[in-house]
Amino acid sequence: MSQDSPTAKDPAAKDEAANYKATLNLPATDFPMKADLVKSEPARLAKWKASNLYTRLMDKRRDAKPFILHDGPPFANGDIHIGHVVNKTLKDIVLRYKSMAGFKCPYVPGWDCHGLPIEHRIQEQIGPKWRDTPVADIRKQCFEYAQSYVEKQADQFQRVGVLGDWSNPYRTMAPAYEASTLEVFARIVERGLVYRQLKPVNWSIENQTALAEADLEYKDVVDTSVYVAFTAANPGALKARLDIRLRADVKFLIWTTTPWTLPANLAIAAGPDVDYALLHVEEEGNSTVLILASELVEKVLAKRPSASRTTNLLKTVKGRDLEGLEYAHPFIDRIGKVVLADYVTTTDGTGLVHTAPGHGDEDYQTGRRYGLDVYCPVLAHGRFDSTVPNWLTGLNVWQANPVIIDKLRETSSLFVDEKYPHSYPHDARSKKPTIYRATQQWFVSVDKSFVAHPQFDKPFSAGASSSDQEASIRARALKAIDNEITFHPDWGRARLRGMLESRPDWVLSRQRAWGLPMPIFYSADDRPLLDAGVIRAVSRHFARVGSDAWFNLTVDELLDGVALPDGFDRATLRKGTETFDVWFESGNSWFGVVEQRSDQLGHAPVDLYLEGSDQHRGWFQLSLLPSLAVNGHAPYRAVLTHGFIVKPDGTKVSKSDKEYVTAMQEVDRHGADLLRLYVASLDYQGDMPASPQLISAFGDKYRKIRNTIRYLLSNIDDFEASAPITIPAPSLDDWMLGELAALVRDVTGAYDAYKFHIAFKLLHDFCNVQISSVYGNAMKDRLYCESPGSPLRRRAQFVMHQCAVALMKLLAPMCVFTADEAWEHLKSKPPGEADLDCVHLAQLPAAPQHSSAHDATYAELMRLRDEALLQLDRLKKDVGLNKALDAEVVYHLPSASIEMFRSMGVDLEDIVGAGHHRIEASADQSSRVSVFDRRPDTPACARSWKRRPDVGSDPRYPDLSSRDAQAVALARNAGAA
RNA sequence: GCGCGUGUAGCUCAGUUGGUUAGAGCGCGUCCCUGAUAAGGACGAGGUCCGUGGUUCGAAUCCACGCACGCGCACCA
């Protein structure tokens with residue numbers, strides 16, 4: 001029965017063993033294994049709040065170099081969702097890390113408060129009385145609604161652990177912010193970049209107002225569509241160009257579902273690469289050449305069957321061959337042109353698109369390219385004005401449809417008409433169909449050259465660059481993107497550039513109630529008063545009482561003491577009703593927040609904007625434009641973008657999916673730290689898969705890290721970190737310090753590169769491999785069995801203490817709660833940090849000192865370890881050797897390495913948890929190990945369970961090895977004394 | 001449709017300037033320990049590197065064409 005451990009032999013031995021157990025230094029710590037984050041996190045938050053953590057941190061870094069991450073404002077509507085958690089967590093990780101790296105990192109969170117979704121919510125609440133409710137009342141309710149969500153979201157963000165100046169966030173609806181938005185507007189006006197022009201918008205005839213897409217609902221209706229032949233205007237030139245030698249009229253065949261827009265027809269659009277047929281048609285004595293897309297010839301002719309018709313394809317041309325050809329309008333004395341447009345398709349119609357720049361967005365864009373008028377003969381109440389023929393003037397567009405069709409028939413322009421079912425936008429409120437109608441809108445030109453630093457105002461930062469030369473916003477933006485801005489990841493550059501290259505002028509004005517009113521007045525004859533001085537006068541009122549002043553004050557009050565430009569009479573001025581595009585408000589936060597709080601935040605450009613990839617077209621771009629217009633430089637030095645949360649299968653989530661992650665619900669279920677760690681573990685450059693299941697499963701990873709820290713803490717419970725300990729090399733301790741040094745280097749490198757998922761992976765693997773599997777396991781014997789103060793044990797504690805401290809600090813930006821909890825349980829703080837009550841006030845760990853001369857020895861040792869473990873596994877299967885402590889490892893080494901290995905002492909057995917080791921000279925130059933079962937021939941120490949030849953060498957303790965006998969004697973003497 | 005991305009084990013990720021048999025951790029399976037214990041350890045099985053074609057002595061890596069997915073192309077934010 002010699003295989004059995006002595007503890008099992010008889011009851012007396014068992015008691016003795018229990019006594020020995022009392023002499024061991026077993027792990028001890030108050031740091032709980034079970035996190036219970038849901039309970040502990042709110043308590044910790046309260047503690048941070050009570051101790052003014054944010055303020056203390058700012059104070060501690062008062063003289064440090066600043067690192068400014070300027071917060072992009074979420075919309076103050078609804079509870080935060082997982083996307084918010086991703087964004088704010090990434091920001092918080094950056095700032096906490098930079099702060100630990102020694103920077104001063106003030107963080108002013110903010111909210112975008114104006115906008116349609118809130119207006120809609122209030123509209124719903126008010127119901128049908130909406131139209132009779134004064135704008136001021138609506139705005140008041142919108143304000144309260146937005147404010148309530150600012151407060152709600154602020155609580156939720158803080159619950160997730162985001163540290164910042166929550167007592168003083170920014171809100172785009174705050175008076176001071178509104179005033180600053182107007183100031184930026186004034187400066188852009190001064191640069192001559194703001195102009196007014198007609199642009200088609202969705203229009204409700206019923207309510208006589210512009211509508212946003214969200215105000216629309218699409219319904220299936222059946223309309224009359226018409227195929228109309230437009231006769232070529234200059235047949236001689238046309239035939240010459242297309243090489244037609246027939247005596248026949250040439251006609252362009254177009255198709256439209258809105259005949260009422262034909263009076264505004266100014267052009268026909270052709271696809272540049274579409275094939276067009278020149279089709280000779282003889283029918284009832286008429287000879288014409290019809291032009292339409294080749295692919296659609298059969299389909300279109302079939303719509304008007306005719307027995308007498310003969311057709312002959314003369315030739316086929318590309319759309320681009322038609323560009324510039326002219327035609328006569330069928331019932332208005334006007335010549336139109338053929339233009340080219342990429343959006344022309346051959347799925348419907350004729351491949352030639354009726355183009356009315358006043359009645360469609362694509363038509364408008366095309367019209368601008370070709371310099372066409374934005375002609376819109378339809379008035380606000382939906383009736384034709386007097387610029388159209390008499391027989392149309394005064395008709396509303398719906399009445400006009402049949403009249404126009406009759407007219408087309410009369411002038412032989414109608415090829416055919418047919419009923420056409422399609423989906424058409426309706427005003428969601430009145431349920432009546434809407435129209436596209438051109439209205440006056442305000443624009444910021446992106447192509448007009450200007451001087452960015454003229455005399456009107458002083459540049460913000462000294463040493464302005466070449467930006468005071470003439471250049472357009474677009475030109476400046478492209479240059480800034482290429483030369484001034486760092487993108488994380490780098491492809492953000494291409495994405496922003498693509499958008500800026502093609503973007504049209506910025507439409508600044510909106511016809512909305514819940515927005516910042518545009519400070520523009522109009523004369524009795526509708527001339528706009530756009531003047532920087534006037535804008536600043538209004539701005540002063542807004543700064544005082546907010547933008548409600550626009551509604552509550554009279555023109556006289558608003559303009560009190562302001563000198564008006566010539567041609568404007570205060571008595572007849574009226575206030576405009578437009579509001580700003582909300583993007584103009586958030587897009588000016590570099591001024592409204594950064595410049596306004598420059599004592600805290602310094603000046604633009606700030607170090608970093610960090611938002612989702614959708615913000616390339618949103619906040620990134622629309623912050624860049626006004627900043628360039630005013631300052632001539634970008635508002636940021638670097639831009640970091642992240643992807644979106646998707647389902648585990650990579651497709652997009654919606655609220656009804658079972659994979660939908662409800663942010664605060666997950667926080668309440670698992671705690672914020674788990675969610676934060678989960679976010680950190682994903683590569684945010686792409687899509688980020690998530691589901692409640694994935695997050696739950698991720699708890700394993702959190703627990704592994706937590707438990708590793710707990711193990712370290714429990715083994716250094718009696719350790720005083722004050723004096724440094726010299727670590728001999730080679731040794732496992734020295735190896736561990738080398739691994740830790742690499743970890744510190746690699747993790748900080750990953751943080752610096754904003755690759756948090758790499759930092760997470762490094763930390764997690766380090767816990768699993770270096771600490772749990774290798775070092776922590778190997779140190780058990782000496783930690784538990786050596787006398788508490790033995791050098792071997794203290795050395796291990798010294799190393800473990802450094803590991804624990806480094807892990808806590810490196811983990812702190814991600815797991816803000818857990819790291820601080822662990823820090824609290826660290827009894828002996830590192831030298832110089834004894835007074836730090838919170839890990840977030842600490843600085844990053846320094847890479848520990850270690851010998852770098854033994855890498856080859858360690859690599860060899862680890863290889864031999866693997867080999868020994870395999871042999872142990874084989875012995876387990878072959879002879880039932882279940883405990884490595886029952887085995888002996890024999891190292892067969894070449895003579896050159898024998899001394900080096902011998903100096904590592906018990907490391908050589910502890911590294912595989914064996915009971916004993918020996919070194920033998922190898923016959924050749926190779927190193928290898930053999931493992932032997934020592935149960936048959938070597939007694940096990942009753943205390944350490946190691947099989948050692950020296951068991952019984954101390955007569956007082958016949959069942960102990962000499963090391964354990966000494967330790968017990970020491971412990972009992974100490975106990976006796 | 002257009003622009004910008006992404007696609008490597010069940011999961012999350014590494015894979016330098018093309019170069020042995022494509023790696024890690026987790027998870028999973030089997031076993032062990034019971035002095036980290038609602039812990040810990042060992043071993044093991046898992047991959048058409050999205051597809052097709054090309055360049056090359058050699059491709060996860062370079063090129064072309066596809067496919068799938070995401071973001072953007074709006075008076076949504």
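This write-up is about the structure you can find in this document. (Residues numbered from 1 in each chain as written. Chains lettered and ligands numbered in written order. Predicted model: local features only at pLDDT ≥ 70, side-chain atom pairs only at ≥ 80, totals over all residues. Heavy atoms only, no water.)

Scanning chain A from terminus to terminus reveals 33 helices and 29 strands. For 977 residues, the compact-globule estimate of 2.2 N^0.38 gives 30 Å, and chain A exceeds it by more than 25% at 39 Å. When its C-alpha atoms are laid out on the principal axes, chain A stretches across 130 × 75 × 55 Å. Across the 977 residues of chain A, 57% fall into the buried class. Of all intrachain contacts in chain A linking residues separated by at least 6 positions in sequence, the fraction that spans at least 24 positions is 78%. Side chains of chain A carry 116 positive and 127 negative charges; the gap between the two charge centres is 1 Å. (Helix = DSSP H or I, 4+ residues; strand = E, 2+ residues; numbered from the N terminus. Rg over C-alpha atoms; globule rule 2.2 N^0.38 Å. Buried < 20%, exposed > 50% of the residue type's maximum accessible area, 1.4 Å probe, protein only. Contact = heavy atoms within 4.5 Å. Lys, Arg positive; Asp, Glu negative; His and termini not counted. Charge placed at Lys NZ, Arg CZ, Asp CG, Glu CD.)

By nearness alone, 67 residues border RNA strand B, and Ala212, Gln511, Gly650, Asp683 and Asn707 come closest of all. Within 4 Å of the protein, atoms of RNA strand B come from sugar and phosphate in 76% of cases. One of the side-chain N or O atoms of aspartate 112 is found 2.8 Å from a sugar or linking oxygen in RNA strand B. Contacts to RNA strand B include aspartate 687, whose side-chain N or O atom sits 2.8 Å from a sugar or linking oxygen. Looking at the surface near RNA strand B, the element that brings in the most residues is helix H27 (residues 756-785), giving 13 residues. Here the residues of the surface near RNA strand B sort into 27 nonpolar, 15 polar and 25 charged. (Near = heavy atom within 4 Å. Polar contact = N/O pair within 3.5 Å; in protein donor to acceptor, adjacent residues only side chain to side chain. Nonpolar A, V, L, I, M, F, W, Y, C, P; charged D, E, K, R; others polar.)

With that settled, consider unusual backbone geometry. With omega at -5°, the peptide bond leading from histidine 488 into proline 489 counts as cis. Within the element layout of this structure, proline 489 appears in the loop between strand E16 (486-488) and helix H14 (492-502). Residue proline 605 follows alanine 604 across a cis peptide bond; omega there is 0°. Summarising the element assignment, proline 605 is placed in the loop between helix H20 (598-601) and strand E23 (609-612). Phi angles above zero are rare outside glycine, and asparagine 52 is one such case at about 55°. Looking at where asparagine 52 falls in the secondary structure, it is placed in the loop between helix H2 (37-50) and helix H3 (53-60). Exposure remark for asparagine 52: the relative accessible area of 44% places this residue in the partly exposed category. With a phi angle near 60°, serine 412 is a residue other than glycine that sits in the positive phi range. On the secondary structure map, serine 412 appears in the loop between helix H12 (397-410) and strand E14 (414-427).

Turning next to the packing of aromatic side chains. Evaluated as defined, the whole model comprises 30 aromatic pairs. Summarising the aromatic geometry, the rings of tyrosine 751 and phenylalanine 756 are spaced 6.0 Å apart at their centres and angled 50° between planes, so their arrangement reads as tilted. Overall, tyrosine 751 belongs to the buried group, its relative accessible area being 1%. Among the residues examined, phenylalanine 756 registers a relative accessible area of 1% and is labelled buried. Each residue in the set Tyr97, Tyr684, Tyr751, Tyr754 and Phe756 is aromatic and connected to the rest through ring pairs, giving one cluster. Across from the ring centre of phenylalanine 157, 4.5 Å away, lies the NZ or CZ of lysine 88, which sits over that ring. (Phe/Tyr/Trp six-rings, centres within 6.5 Å; stacked < 30°, edge-to-face > 60°. Lys NZ or Arg CZ within 6 Å of the ring centre and 35° of its normal.)

Under the counting rule described, the total for this entry stands at two cavities of 30 Å³ or more. If you add up the space inside the largest cavity, you get close to 100 Å³. In terms of lining residues, the largest cavity is bounded by Tyr54, Leu57, Met58, Asp92, Leu95, Arg96, Ser99, Met100, Cys105, Tyr107, Leu163 and His840. Ranked by residue count, the leading element in the lining of the largest cavity is helix H4 (residues 82-100), at five residues. Looking at the second largest cavity, its volume works out to about 50 Å³. (1 Å grid on protein atoms, 1.4 Å probe; cavity = no way out; pocket = protein on both sides within 12 Å on 5 of 7 lines; lining within 4 Å. Points joined across faces, edges and corners; volume = space filled by probe spheres on them.)

Next up on the list: the pattern of salt bridges. Side chains that carry opposite charge are capable of pairing whenever their charged atoms lie near each other. Tallied over the entire structure, the rule returns 68 salt bridges. Among the ionic pairs, arginine 56 bridges to aspartate 837, the shortest N-O distance being 3.0 Å. A residue pair is termed long-range when its members are at least 10 positions apart, and arginine 56 in helix H3 and aspartate 837 in the loop between helix H29 (816-825) and helix H30 (855-879) qualify at 781 residues. Aspartate 526 serves as the salt-bridge partner of arginine 574, at 2.6 Å between the closest nitrogen and oxygen. With arginine 574 in strand E21 (residues 574-575) and aspartate 526 in the loop between strand E19 (521-522) and strand E20 (528-529), the pair connects residues that are 48 residues apart, well separated along the chain. The class for aspartate 526 is partly exposed, based on a relative accessible area of 35%. One network of salt bridges, in which partners are shared, links Asp781, Arg782, Glu786, Asp907, Glu909, Asp910, Arg943, Lys946, Arg948, Arg963 and Asp964. (Salt bridge = Lys/Arg side-chain N within 4 Å of Asp/Glu carboxyl O.)

With respect to the element layout, lysine 809 can be found in helix H28 (residues 791-811). With near-sequence residues (within four places) excluded, lysine 809 lies in contact with Met100, Trp823, Glu833, Val839, Ala842, Gln843, Leu844 and Pro845.

With that out of the way, let us pick up H14. Of all the residues in H14, the buried ones are Gly492, Arg493, Leu496 and Leu500. In a view along the axis of H14, the buried residues occupy a sector of 100°, so they form one face of it. Residues of H14 that are buried sit in contact with helix H13 (473-483), E16 and helix H21 (619-631). (Arc of directions from axis to C-beta.)

Taken in spatial order, the three strands line up as E20-E19-E21 in an open sheet, and their pairing is antiparallel. With partners counted over all chains shown, the strands left at the sheet margins are E20 and E21, one partner each. Sheet analysis places E19 next to E21, joined by two bridges and oriented antiparallel. Following the sheet pairing, tyrosine 522 is matched in E21 by arginine 574. (Pairing = 2+ DSSP bridges.)

Attention now goes to the packing of helix H5 (residues 116-126) against helix H6 (residues 135-159). At a minimum axis distance of 9 Å, the contact between H5 and H6 shows a crossing angle of 115°. Between H5 and H6 lies a crossing whose hand is right-handed. Here Ile118, Glu119, Arg121, Ile122, Gln125 and Ile126 of H5 lie close against H6, whose contacting residues are Ile138, Gln141, Cys142, Tyr145 and Ala146. Residue classes in the contact of H5 with H6 are distributed as seven nonpolar, two polar and two charged. (Axes fitted to C-alpha atoms, helices over the stretch in contact; angles between N-to-C directions. Left-handed = near helix turned anticlockwise from the far one by under 90°.)

Attention now moves to the packing of helix H26 (residues 732-752) against H30. Remark: H26 packs on H30, axes separated minimally by 11 Å, with the N-to-C direction vectors making an angle of 105°. The pairing of H26 with H30 is recorded here as roughly perpendicular in orientation. Counted together, Leu732, Asp734 and Trp735 of H26 and Tyr858, Leu861 and Met862 of H30 form the full contact between these two elements. For the contact of H26 with H30, the residue count by class is five nonpolar, no polar and one charged. (Parallel < 35°, antiparallel > 145°, perpendicular 65-115°, else oblique.)

On to the environment of valine 816, then. Looking at the secondary structure, you find valine 816 in helix H29. Here the alpha-carbon distance between valine 816 and aspartate 92, two residues 724 residues apart in the chain, equals 9.5 Å. When neighbours within four sequence positions are excluded, valine 816 is seen to be in contact with Trp48, Asp92, Arg96, Gly161, Asp673, Arg676 and His840.

Glancing now at the sheet that holds E23. Here three strands make up an open sheet; going across it, the order is E16-E24-E23 and the pairing parallel. Looking at the sheet topology across the chains shown, the edges are occupied by E16 and E23. Neighbouring strand axes in the sheet, compared pairwise and without regard to direction, differ in orientation by 20° on average. Inspection of the sheet shows E23 paired to strand E24 (residues 638-642) by four bridges, in the parallel sense. Counted as the bridge partner of tyrosine 609 is valine 639 from E24. The strands that H4 touches are E23 and E24; relative to E23, the one it contacts most, it runs at about 155°. With respect to the sheet, H21 is in contact with E23 and E24, its orientation differing from that of E23 by roughly 140°.

Tracing the chain through its elements places histidine 616 in the loop between E23 and H21. Judged by relative accessible area, histidine 616 falls into the buried class, the value being 0%. There is a polar contact of 2.9 Å between the side chain of histidine 616 and the backbone oxygen of serine 613. With sequence-adjacent residues up to four places away left out, histidine 616 is seen in contact with Trp491, Gly492, Arg495, Leu496, Met499, Gln621 and Thr641.

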